[in-house]
Amino acid sequence: REITLTENIVLRFINNELNEIIEEIPVGDNLANGQVFWEGVVDVGGEPQHLIIQTHLFNEAGDTTVFSVHRDRSKNTTQLIFELGGDETGFLISYNQDGEVLAGTSIYAQEPIGQ
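Residues numbered from 1 in each chain as written. Predicted model: local features only at pLDDT ≥ 70, side-chain atom pairs only at ≥ 80, totals over all residues. Heavy atoms only, no water.

Some points on the overall build of the protein
To keep things clear, this is the line we draw: Helix numbering and strand numbering both begin at the N terminus, where a helix is a DSSP run of H or I of at least 4 residues and a strand a DSSP run of E of at least 2. Here the radius of gyration uses the C-alpha set of atoms, whereas the globule reference equals 2.2 Å times the residue count to the power 0.38. Accessibility here uses a 1.4 Å probe with only protein chains present; expressed as a share of the type maximum, an area under 20% marks a residue as buried, one over 50% as exposed, and anything in between as partly exposed. Every residue pair with non-hydrogen atoms within 4.5 Å of one another is taken to be in contact. Here the open area of atoms and residues is found with the Shrake-Rupley method and a 1.4 Å probe, where only the protein chains shown may cover a residue.
Helix and strand counts for the protein stand at 0 helices and 9 strands. On C-alpha atoms alone, the protein measures out to a radius of gyration of 14 Å, which is about the 13 Å that the 2.2 N^0.38 rule sets for 115 residues. When its C-alpha atoms are laid out on the principal axes, the protein stretches across 40 × 25 × 25 Å. A burial count over the protein gives 37% of its 115 residues as buried. The contacts of the protein with a sequence gap of at least 6 include a subset with a gap of at least 24, amounting to 35%. Summed over all atoms, the accessible surface of the protein reaches about 6,700 Å², with 47% contributed by carbon and sulfur.

What to know about the side chain of Arg71
Filter applied, for reference: Note on charges: Lys and Arg go in the positive column, Asp and Glu in the negative column, and His and the chain ends are not counted at all. Here, a salt bridge means any side-chain nitrogen of Lys or Arg that lies within 4 Å of a carboxyl oxygen of Asp or Glu. We define a polar contact as two N or O atoms separated by no more than 3.5 Å, with the added condition that, inside protein, one atom must be a possible hydrogen donor and the other a possible acceptor, whereas residues neighbouring each other in sequence contribute only through side-chain atom pairs.
Relative to the elements of secondary structure, Arg71 occurs in the loop between β6 (64-70) and β7 (79-84). Within the buried set, Arg71 has no salt-bridge partner at all; the shortest N-O distance to an opposite charge, 8.6 Å, is to Glu47. A distance of 2.3 Å separates a polar side-chain atom of Arg71 from the backbone oxygen of Thr78. The contact partners of Arg71, leaving out residues within four places of it in the chain, are Gln49, His50, Leu51, Asn76, Thr77, Thr78, Gln79, Leu80, Tyr95, Asn96 and Gly99.

Description of the packing of aromatic side chains
Quick reminder of the rule: To pair, rings of Phe, Tyr and Trp, with the six-membered ring standing in for Trp, must have centres within 6.5 Å; the planes then decide the type, stacked if under 30 degrees apart, edge-to-face if over 60, and tilted in the middle. We count a charge as sitting over a ring when the NZ of a lysine or the CZ of an arginine lies within 6 Å of the ring centre and within 35 degrees of the ring normal.
By the definition in use, this model includes 1 aromatic pair. Where Phe67 meets Phe82, the ring centres are 5.2 Å apart and the plane angle is 70°; that geometry is what we call edge-to-face. Taken together, the residues Phe67 in strand β6 and Phe82 in strand β7 connect sequence positions 15 residues apart. Since its relative accessible area comes to 2%, Phe82 is described here as buried. The positively charged end of Arg1 is found above the aromatic ring belonging to Tyr108, 5.8 Å away from the centroid.

A closer look at the nonpolar core
What counts, and what does not: In plain words, nonpolar cores are sets of buried Ala, Val, Leu, Ile, Met, Phe, Trp, Tyr and Cys residues tied together by side-chain atoms within 4.5 Å.
If you look at the biggest cluster of nonpolar residues, it comprises 20 residues, and the most contacted ones within it are Ile9, Leu11, Phe13, Trp38, Leu51, Ile53 and Phe82. Broken down by element, the residue count for this core peaks at 4 residues, all from strand β4 (residues 35-44). In this structure Phe82 touches Ile9, Val10, Leu11, Ile53, Phe67, Val69, Phe91, Leu92 and Ile93, once residues within four positions along its chain are discounted.

Describing the sheet that holds strand β9 (residues 101-103)
Rules: Each pair of strands is called paired provided DSSP finds at least two bridges between the two strands. Note on definitions: angles span 0 to 180 degrees between N-to-C directions of axes, and those axes are lines fitted to C-alpha atoms, for helices only across the stretch in contact.
Here 5 strands make up an open sheet; going across it, the order is β2-β1-β7-β8-β9 and the pairing antiparallel. The strands lining the two open edges of the sheet, one partner per strand, are β2 (20-26) and β9. Across the sheet, the mean angle separating the axes of adjacent strands is 20° when strand polarity is ignored. Pairing between strand β1 (residues 8-14) and β2: 7 bridges, direction antiparallel. Across the sheet, the residue bridging to Arg12 is Ile22, located in β2.

Some points on the environment of Pro48
With respect to the secondary-structure elements, Pro48 resides in strand β5 (residues 47-60). Along the sequence, Pro48 and Phe37 sit 11 residues apart, while their C-alpha atoms lie 19 Å from each other. With near-sequence residues (within four places) excluded, Pro48 lies in contact with Val41, Val42, Asp43 and Lys75.

Printed below as a string of structure tokens:
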């Protein structure tokens, strides 16, 4: 599906106490050279979570977007669920607290490719 510039990337962090911290990243505010690029640190219960999110393809041929999530296991200790705001079909990808990648449940998610 086409991603609009008014949408948010939604990061849901769940720490060991099962507290949920939500970080919303506006797509339109994070475009560089026609691609999404965001880098940041989110504090989750005193544990900084460092991420880089970018696209390799953004709305290619009108409806194909390929995201890349850089999440260093040595710097990230909480569960992460990656979604697009307003997409009620499920999440795109998830990582458990040990960094294991779990395939998304969204009809728009494909099998993750590890790097």
